[in-house]
Amino acid sequence: MLLKTLIAFVFLAMVASLAAGAGFLIKDGGRSRRVLVSLKLRVGLAALLVTLLVYGFYIGDLGV
């Protein structure tokens, strides 16, 4: 149950990072580094999400 909650939290953090990046892009016109930082964070969160999913399937917590 904890793993599923963690996966949901990481996914929501990715969506929040996406929204923040879109806001920075609109507000700054893409001229600041905040969009790049948001993208780096989102890529890191995506890697963490994939790792958690693979781990969950490996231990059988997310399997059929």
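Nothing here was measured: the structure is a model prediction, and the numbers come from that model.

**Some details on the side chain of S38**
Part 1: Residue placement: S38 occurs in helix α2 (residues 34–59).
Part 2: For S38, a relative accessible area of 6% corresponds to the buried category.
Part 3: Sequence-distant contacts of S38, that is, excluding residues within four places in its chain, are made with S17, A20, G21 and F24.

**A closer look at the nonpolar core**
Part 1: Ranked by size, the top nonpolar core spans 8 residues in total: L3, I7, V10, M14, L45, L49, L52 and L62.
Part 2: Elements with a minimum of two residues in this core: α1 (2–28) and α2.
Part 3: Broken down by element, this core gets its largest block of residues, 4 residues, from α1.
Part 4: Other than its neighbours up to four places away in sequence, I7 contacts L49, L52, L53 and L62.

**Quick word on the packing of α1 against α2**
Part 1: In the contact formed by α1 and α2, the axes pass within 9 Å of each other and the chain directions differ by 165°. Taken as axis vectors, α1 and α2 run roughly antiparallel relative to one another. Both α1 and α2 take part in a crossing whose hand is left-handed.
Part 2: Split by residue class, the contact of α1 with α2 holds 21 nonpolar, 4 polar and 4 charged.

**Quick word on the environment of G63**
Part 1: Examined against the element boundaries, G63 turns out to sit in the segment after α2.
Part 2: The sequence separation of G63 and R42 amounts to 21 residues, and the corresponding C-alpha distance is 26 Å.

Reading guide: rules and limits
- Residues numbered from 1 in each chain as written.
- Predicted model: local features only at pLDDT ≥ 70, side-chain atom pairs only at ≥ 80, totals over all residues.
- Heavy atoms only, no water.
- Helix = DSSP H or I, 4+ residues; strand = E, 2+ residues; numbered from the N terminus.
- Buried < 20%, exposed > 50% of the residue type's maximum accessible area, 1.4 Å probe, protein only.
- Contact = heavy atoms within 4.5 Å.
- Core = buried A, V, L, I, M, F, W, Y, C linked by side-chain atoms within 4.5 Å.
- Axes fitted to C-alpha atoms, helices over the stretch in contact; angles between N-to-C directions.
- Parallel < 35°, antiparallel > 145°, perpendicular 65-115°, else oblique.
- Left-handed = near helix turned anticlockwise from the far one by under 90°.
- Nonpolar A, V, L, I, M, F, W, Y, C, P; charged D, E, K, R; others polar.

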